[in-house]
Structure formats: structure tokens, C-alpha cells
Amino acid sequence: MGKEQKSPDHVAIIMDGNGRWAQKRGRPRLFGHHAGAKRVREIVEACPGFGVKYLTIFAFSTENWKRTQTEVSGLMSLFRRYITKEARALRDEGVRVRFIGDRLRLDKKLQALMDELEVLTQENDKVHLTIALNYGGRDEVARAVKRLAQDVAAGLLDSDTVDEETLPRYLDTCVLPDPDLVIRTSGEARISNFLLWQSAYAEYEFIDTLWPDFDAELFGEIVDRYAGRDRRFGSVDTAAE
Ligand code: IPE
Ligand code: IPE
Ligand code: MG
């Protein structure tokens, strides 16, 4: 075989299927979102045991504003409640929390809670949990390019030096490694605008389980499968390096 048996350092998850999970039970979609939010802790706690240092989860996309007012406001209050309720446990368990996405469109109270949680956990290093909230890959790249152009205009950056190492420094994820493995639950085989730039060489797993049913055991199986994959990065044999 000749390939490294290695855990993914960074796993990113598109947590999809909450609505269908609720519908199957004859309950409103928000019931599914609450069940989905409860799953997050189990997965975060499982990370160190699986050798996963960075976990990034897609909680709300820039496209999710198209949903009904009831669902959007229910999700926003779920996020507020989640942060308030989980903050201490996250801090005490050594989780460093960051948010990516355009937070300026979120309500002020939620923005303040996000800022506080980032500060509260900033000394932690056991697991790096990044929550993508009002996140869209295209939106992120557009915002990055805007700031990059401003730096060129201000004379802080020479446009001749711009290369593929430059743009990532302007992305929301600038301090994070690229994801090694992207998992999407609920059976949809699409990435829905998630980490477009960063996932250029990620391995993908599309699995049928709906997010509220996703547990640590299944997570472990997927991580194990990753270890058996041969990542070539355009080369012929990584073992030959
Ligand atoms: C994912 O579950 C959570 C969010 C997008 C906020 P969905 O709400 O998309 O669930 P389905 O895909 O409709 O089942
Ligand atoms: C992607 O799921 C976004 C999140 C999981 C937050 P969606 O349910 O919004 O994606 P589409 O609409 O099926 O592409
Ligand atoms: Mg969905």
C-alpha cells in the first residue's frame, strides 16, 4: 500500500437533514434543528479520540435567509440559546471556538455572544471548533478580494506579488489549515457553497444519515475510512515523497 495511515487533522461537516428528520416524525422543522444542535457536543467531544484537531461545522449559509421568516428567526434564537448554554462547557473542555461567515448581517445580540465566546475560549487548544454562520464560500472570497484590493490601493500590498498564498490570508479561515475531509449528511451530493477555496484537495464523504442521527460511532467509521484513502495531490504516489 505504501500510504500513510493518518487521521484527518481538519474535518468539516455540512450538517444537513434536520428538516427531513423532523418531517419524518410529523414535527415542525425547528424540532429537527434543535435535535441537530444537540448532536454537536457529542461530535466535538469525540474529536480528540479520533485524532481530529480542527472541526468546522456549517450551521447557516448565506442562502439560508431564503427560508421562511419563522424558520430563520427560530434558527437565530437557537444559535443565541446554544451559545449561551454551551459556553462554559466548551471553555471547560478545552474547545477553542471561532466563527466564520459575514457576521454583520446577524443581529447585534447574537454578534455579541459570538464575540464573547471567541474571547472566552481563546486560550484553549484541545479542539478547534469553527462554526460557519451566515457563511458562503463565494461571499467569503468576495469579501477577501475586496480587502485585498483595499490593501493594494493603500499601498500595503504589491499586486505583482499576489499569488495563491495571498488570498487565503484574507479569508475568514486565515488561521486554519485546509480541511482534509468534508462530510455531508442527508444523502445530498453537493457542497452548497461551503469552503470552496479551502476544500480544493479535501476528501469528500456523502452519507445518507440525517444530521440529528449522526453519532460518534458513525463519525469514527468515516474517520477510519479516510485513513485508508490515498491522497495524491496531483502527484503519482505520495509514499514516494
Ligand atoms: C440543515 O438541515 C440545517 C440548516 C441548513 C440550517 P436542513 O434544514 O437543510 O434540513 P433538510 O435538508 O431540509 O432536511
Ligand atoms: C447547507 O444545507 C447549509 C447548511 C447545512 C447550513 P442546505 O440544506 O441549505 O443546502 P441545499 O439547499 O440543500 O443546497
Ligand atoms: Mg438541507
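Residues numbered from 1 in each chain as written. Chains lettered and ligands numbered in written order. Predicted model: local features only at pLDDT ≥ 70, side-chain atom pairs only at ≥ 80, totals over all residues. Heavy atoms only, no water.

Q: Describe the site of ligand 1, with residues and values.
A: Taken together, 13 residues form the shell around ligand 1, and within it Asp 16, Gly 19, Arg 20, Arg 29 and Arg 67 come nearest. Note that an oxygen atom of ligand 1 is positioned 2.9 Å from one of the backbone N or O atoms of Gly 19. Separating an oxygen atom of ligand 1 from a side-chain N or O atom of Arg 29 is a distance of 2.8 Å. If ligand 1 stood free it would expose 370 Å²; the protein chains cover 87% of that surface. (Near = heavy atom within 4 Å. Polar contact = N/O pair within 3.5 Å; in protein donor to acceptor, adjacent residues only side chain to side chain. Areas by Shrake-Rupley, 256 points an atom, 1.4 Å probe, with all protein chains shown as cover.)

Q: Please provide a residue-by-residue account of the sheet that holds strand β1 (residues 10-14), values included.
A: Two strands in a sheet stick together by hydrogen bonds in their backbones, pointing the same way (parallel) or opposite ways (antiparallel). Here 6 strands make up an open sheet; going across it, the order is β3-β4-β2-β1-β5-β6 and the pairing parallel. A single partner strand is all that each edge strand has here, and the edge strands are β3 (95-100) and β6 (203-206). Taking each pair of neighbouring strands and ignoring which way they run, the sheet shows an average axis angle of 20°. Across 4 bridges, β1 lies against strand β5 (residues 181-184) in parallel orientation. Bridging from a neighbouring strand, Ile 14 pairs with Arg 184 of β5. Running over the sheet, helix α6 (residues 216-227) touches β1, β2 (54-61), β5 and β6 and is turned about 140° from β5. (Pairing = 2+ DSSP bridges. Helix = DSSP H or I, 4+ residues; strand = E, 2+ residues; numbered from the N terminus. Axes fitted to C-alpha atoms, helices over the stretch in contact; angles between N-to-C directions. Contact = heavy atoms within 4.5 Å.)

Q: Which residues make up α6, and what are the values?
A: Taking 1.5 Å per residue as the helical rise, α6 with its 12 residues ought to reach 16 Å, and the 17 Å between its terminal C-alpha atoms agrees with that figure. Among all positions of α6, only Ala 216, Leu 218, Phe 219, Gly 220, Ile 222, Val 223, Tyr 226 and Ala 227 are buried. Each element contacted by the buried residues of α6 is listed here: β1, α2 (29-50), β2, β5 and β6. (Expected span 1.5 Å × (residues − 1). Buried < 20%, exposed > 50% of the residue type's maximum accessible area, 1.4 Å probe, protein only.)

Q: Lay out the packing of aromatic side chains with the relevant residues and their values.
A: Scanning all chains against the criterion turns up 11 aromatic pairs. Ring centres of Tyr 201 and Phe 233 lie 5.4 Å apart, and the angle between their planes is 45°; on these two criteria the pair is classed as tilted. Taken together, the positions of Tyr 201 in the loop between β5 and β6 and Phe 233 in the segment after α6 put the pair 32 residues apart, joining distant regions of the chain. Taking the relative accessible area as the measure of exposure, Phe 233 reaches 47% and is therefore partly exposed. Among the aromatic residues, ring-to-ring pairing joins Phe 50, Trp 211, Phe 214 and Phe 219 into one connected group. Here the guanidinium or amino end of Arg 27 rests over the ring plane of Phe 31, the centre of that ring lying 3.9 Å away. (Phe/Tyr/Trp six-rings, centres within 6.5 Å; stacked < 30°, edge-to-face > 60°. Lys NZ or Arg CZ within 6 Å of the ring centre and 35° of its normal.)

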